[in-house]
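Letter by letter, the chains look like this.
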Amino acid sequence: MTFYCPLCDFNSEGMWTLKRHFNASHNKGYCPICKRKYNNLLSHVVGVVRYKSDLKHLILFYLITKRNRTKMFKIARELAYEYLQDKNFKF
Ligand SMILES: [Zn+2]
Ligand SMILES: [Zn+2]
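Residues numbered from 1 in each chain as written. Chains lettered and ligands numbered in written order. Predicted model: local features only at pLDDT ≥ 70, side-chain atom pairs only at ≥ 80, totals over all residues.

The element helix H3 (residues 55–64) is largely enclosed, with a buried count of eight among its ten residues. Every buried residue of H3 is accounted for by Lys56, His57, Leu58, Ile59, Leu60, Phe61, Tyr62 and Leu63. In this structure, the buried side of H3 is in contact with helix H1 (15–26), helix H2 (41–51) and helix H4 (71–83). (Buried ≥ 20, exposed ≤ 12 C-beta atoms within 10 Å, placed from the backbone. Helix = DSSP H or I, 4+ residues; strand = E, 2+ residues; numbered from the N terminus. Contact = placed C-beta atoms within 7 Å.)

Attention now moves to unusual backbone geometry. Non-glycine residue Lys35 carries a positive phi angle of around 55°. Along the chain, Lys35 turns up in the loop between strand E3 (30–31) and strand E4 (36–37).

Moving on: the nonpolar core. In this structure, Leu58, Ile59, Phe61, Tyr62, Leu63, Ala76 and Ala80 are the most contacted members of the largest nonpolar core, which totals 15 residues. Contributions of two or more residues to this core are made by H1, H2, H3 and H4. Examining the composition of this core, we find that six residues originate from one element, H3, more than from any other. Apart from the residues within four sequence positions on either side, Phe61 is in contact with Val45, Val46, Val49, Met72 and Ala76. (Core = buried A, V, L, I, M, F, W, Y, C linked by C-beta atoms within 7 Å.)

Read these as geometric descriptors, not functional statements.
As structure tokens, this is what we get:
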């Protein structure tokens, strides 16, 4: 199973490696979906997904959060595993 970064050409056999790559390379106070800067990207993303179940923000939420037991994380993880296997899926 190969997972593809939704922002660049990186790919990995492991989701954990992709998450580590994403946080090191792309978690820089900028939302690639809204194309706007945010002081706290995570709180922006949580705000969006609470307001509407936006697919791309849910996957971004999965990529930038640590594993947790919330229902939102569970939904986000399922979507991430499905969509990040498609190398044509981009933010
Ligand atoms: Zn990347
Ligand atoms: Zn956004």
